Amino acid sequence: MDALALDVAAVRERFSALRAPTVFFDGPGGTQCPDSVIEAVATYLRESNANLGGAFVTSRRSTELVEQAHETAAAFLGCRPEETVFGQNMTTLNFALSRTVARTFRRGDEVIVTRLDHDGNVAPWLELAHDLQLKVHVVDIRDDTTLDLTDLEWKLSERTRVVAFPLASNAVGTLTDAPRIVELAHAAGALAWADAVHYAPHGPIDVVALGVDVLLCSPYKFFGPHLGLAFGREELLRSWRPYKVRPAPDEPLGHRFETGTLAHELLAGFVAAVDYVHGLGWAAIRAHERSLGERFLAGLPERCTLYGLPTMEGRVPTFAFGIGGVTPHEVAERLAAAHIAVWDGDYYAVEVMARLGLQPQGAVRAGFVHYNTTEEVDRLLTALEEM
């Protein structure tokens, strides 16, 4: 379907949730699920619900599902199945993996984060710094919200152990130059630790091409159930001592970092979500989302202040903005009354909001994904104009 224009009407027929009167521009906080994902979850619970390791049929089906989920994750991220790890969510996984790698750190070692990061890729390092007497440096952004790579170069040192960064800002939609960040991190002998949560519904991920050492994302941001997913480079995962119970196996490799029983029914939904996305094709998704973003930017009322890049170059279709004389919360409340779902606040993007001088109220955030329509964008613009 990549070579074809996206048939949005046909896409929307696959989502029961989209039959509601609500316009869902809340995707940055979690997307809606197609019916195939919902059915996959229900089918697992009806037909295969069991723990692993049994000789009986439902246990064998569950084992097969876990293997299939890791294979699907590998296809989604461009890695090997044994390099994939599932968990409760990205933040929980990141706390676990960051503590695991920290077993190799020494007092005075340094970690670099950025002002574009979601706090899920900042707070774990700040807590480690507190526990282990590390130093955390924050890379600044320019006024247009692009990452200041010169500042990154200045902050790198021989003590830098990790450079943590996002592929895309969950607040203002800005993309980062991931290959260059990875290059700089590796030149300093540091690990490149990427947060792909916000980017994942908007474009393909290839961890080999990116060159990252660790990458995390959240399936519930790309039309799946509430889960976390991580990639870790094989040599790296083998070198770490995992936090796990003693009887848990060490192979396949990624399993040693999956503490406790996984939510098997959600793995079934994850497999269905990836099948859904790959069935549409990234080219069609990206072209449609770009047209929605351009329409929004062209029609944004003069009274609205956009925070971030003013074109679709270098960004995904996530927009933070404000309206003079109206608080972000009030804007969100008024739009909700008109059945338009947006977010207000800082959406855990603490550093970028502080840098833009938007604390404590934050900004209004509207995010478009492929199931949104031009008519819905126009409805939002009209509501903002009238406000």
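Structure first, text after, so check above.
Every chain begins its residue count from 1, and numbering advances along the sequence as written. Local features are withheld for residues below a pLDDT of 70 in this predicted model, meaning they are given only at 70 or higher, and side-chain atom pairs are given and counted only at 80 or more; totals for whole chains, interfaces and linings count all residues. Derived side-chain values reflect all non-hydrogen atoms in the structure, with water molecules and hydrogen atoms excluded from consideration.

S.K.: Give a detailed account of the overall build of the protein chain, specifying residues and quantitative values.
M.R.: Strands are runs of DSSP state E lasting at least 2 residues, helices are runs of H or I lasting at least 4, and numbering of each runs from the N terminus. Assigned secondary structure in the protein chain consists of 14 helices and 13 strands. Our radius of gyration is a C-alpha quantity, and the globule rule it is checked against amounts to 2.2 Å times the number of residues to the power 0.38. Whereas a compact globule of 387 residues would reach a radius of gyration of roughly 21 Å, the protein chain reaches 21 Å, a difference of no more than 12%. For the C-alpha atoms alone, the extent of the protein chain along its principal axes is close to 60 × 55 × 35 Å. A total of 387 residues make up the protein chain; the buried ones form 56% of that total. We call two residues in contact whenever any of their non-hydrogen atoms come within 4.5 Å of each other. Once local pairs closer than 6 in sequence are excluded, the contacts in the protein chain between residues at least 24 apart make up 70%. What sets the accessible areas is the Shrake-Rupley method with a 1.4 Å probe; for residues, cover comes only from the shown protein chains. Looking at the protein chain as shown, the accessible area adds up to about 16100 Å², and 52% of this sits on carbon and sulfur atoms. We score Asp and Glu as negative and Lys and Arg as positive, and we do not count His or the chain ends. Where a charge lies is defined by one atom per residue type: Lys uses NZ, Arg uses CZ, Asp uses CG and Glu uses CD. Charge separation in the protein chain, taken as the distance between the mean sites of 34 positive and 51 negative side-chain charges, equals 6 Å. The classification of residues rests on relative accessible area computed with a 1.4 Å probe and restricted to protein chains. Under 20% of the type maximum is buried, over 50% is exposed, and intermediate values are partly exposed.

S.K.: Which residues make up the sheet that holds strand β7 (residues 214–217), and what values go with them?
M.R.: Between any two strands, at least two bridges found by DSSP are needed for them to pair. In spatial order, the strands read β2-β8-β7-β6-β5-β3-β4; together these 7 strands make up an open sheet with mixed pairing. Only two strands of the sheet have a single neighbouring strand rather than two, namely β2 (84–87) and β4 (135–139). On average, each strand axis in the sheet is tilted by 20° relative to the strand beside it, whichever way the strands run. As paired elements, strand β6 (residues 191–195) and β7 share 3 bridges and run parallel to each other. The partner of A194 across the bridge, within β7, is L215. In this analysis an axis means a line fitted to C-alpha atoms, helices contributing only their contacting stretch, and an angle means the value between N-to-C directions, from 0 to 180 degrees.

S.K.: So, the packing of aromatic side chains: which residues are in play, and what are the values?
M.R.: Stacked, edge-to-face and tilted are the three classes for Phe, Tyr and Trp ring pairs, Trp counted by its six-membered ring, which pair at centre distances within 6.5 Å; planes under 30 degrees apart are stacked, over 60 edge-to-face, the rest tilted. Inspection of every chain in the model, using the stated rule, returns 15 aromatic pairs. Taking the centre distance of 6.0 Å and the plane angle of 70° together, the rings of F223 and Y371 count as edge-to-face. Taken together, the positions of F223 in the loop between β7 and β8 (228–232) and Y371 in the loop between β13 (363–367) and α14 (374–386) put the pair 148 residues apart, joining distant regions of the chain. When sorted by exposure, F223 lands in the same class as Y371, which is buried. Members of the aromatic cluster, joined through ring pairs, are F25, F296, F319, F321 and F368. The ring centre of Y243 lies 3.7 Å from the NZ or CZ of R103, which sits over that ring. Lysine and arginine charges are scored as sitting over a ring when NZ or CZ, respectively, is within 6 Å of the ring centre and within 35 degrees of the ring normal.

S.K.: Break down helix α5 (residues 123–132) for me, citing the residues and quoting the values.
M.R.: Among the residues making up α5, those that are buried are A123, P124, W125, L128 and A129. Those residues of α5 that are buried are in contact with α4 (90–101), β3 (110–114), β4, β5 (160–166) and β6.

S.K.: Kindly report on the packing of helix α10 (residues 264–280) against helix α11 (residues 282–299), identifying the contributing residues and their values.
M.R.: Between α10 and α11, the shortest axis-to-axis distance is 5 Å and the interhelical angle comes to 75°. When the axes of α10 and α11 are compared, the pair comes out roughly perpendicular. Packed against α10, whose contacting residues are V277, H278 and L280, the element α11 presents W282, A284 and I285 at the interface. The class makeup of the residues in the contact of α10 with α11 is 5 nonpolar, 1 polar and no charged. In this scheme, roughly parallel covers angles under 35 degrees and roughly antiparallel covers those over 145, while 65 to 115 is roughly perpendicular and the rest are oblique. Residue type decides the class: Asp, Glu, Lys and Arg count as charged, Ala, Val, Leu, Ile, Met, Phe, Trp, Tyr, Cys and Pro as nonpolar, and the leftover types, Gly among them, as polar.

S.K.: Break down the pairing of β8 for me, with residues and values.
M.R.: In terms of burial, β8 is a largely internal element, 5 of the 5 residues being buried. The alternating pattern of β8 places G228, A230 and G232 on one face and L229 and F231 on the opposite face, and all of these are buried. Here β2 runs beside β8; their pairing, made up of 4 bridges, is antiparallel. From the neighbouring strand, G87 faces β8, where its bridge partner is G228. Pairing of β7 with β8 involves 4 bridges; the strand directions are antiparallel. Following the sheet pairing, C217 is matched in β8 by L229.

S.K.: Break down the nonpolar core for me, citing the residues and quoting the values.
M.R.: Within this scheme, the nonpolar core is defined by two criteria: the residues are buried Ala, Val, Leu, Ile, Met, Phe, Trp, Tyr or Cys, and they are joined through side-chain atoms within 4.5 Å. L77, F165, I205, L215 and F270 are the most contacted members of the largest nonpolar core, which totals 81 residues. Looking at this core, the element that brings in the most residues is α10, giving 11 residues. With residues near it in sequence (within four places) discarded, L215 still touches L77, L167, A194, A196, I205, V207, L210, L229, A230 and F231. In this structure, V101, F105, L134 and L236 belong to the second largest nonpolar core, which totals 27 residues.

S.K.: Got a sec to walk through the sheet that holds strand β10 (residues 318–323)? Specific residues and values, please.
M.R.: Here we have 4 strands laid out as an open sheet, ordered β9-β10-β13-β12, and antiparallel in their pairing. The open sheet terminates on both sides in strands that have one partner only, identified here as β9 (304–307) and β12 (343–345). Averaged over neighbouring strand pairs, the angle between their axes works out to 35° when direction is ignored. Alignment of β12 against β13, held across 3 bridges, turns out to be antiparallel. Of the residues in β13, the one forming a bridge with G345 is A363.

S.K.: Talk me through the side chain of H198; I want residue IDs and the actual numbers.
M.R.: Residue placement: H198 occurs in the loop between β6 and α8 (207–210). With relative accessibility at 6%, the residue H198 sits in the buried group. In terms of polar contacts, H198 uses its side chain to reach the side chain of T318, at 2.7 Å. Discounting chain neighbours no more than four positions away, the residues touching H198 are P28, A168, S169, N170, V316 and T318. For the purposes of these results, a polar contact is taken to be a pair of N or O atoms within 3.5 Å, where, inside protein, one atom must be able to donate a hydrogen and its partner to accept one; residues adjacent in sequence count only when each atom of the pair is a side-chain atom.

S.K.: Please set out α11 residue by residue, giving values where relevant.
M.R.: Over its 18 residues, α11 extends 26 Å from the first C-alpha to the last, a length consistent with the 26 Å expected when each residue adds 1.5 Å. Listing the buried residues of α11 in full gives W282, A284, I285, H288, E289, L292, G293, F296 and L297. Along its buried surface, α11 packs onto α1 (8–12), α3 (57–77), α10, β9, β10 and α14. Expected span of a helix: the number of residues minus one, times 1.5 Å.

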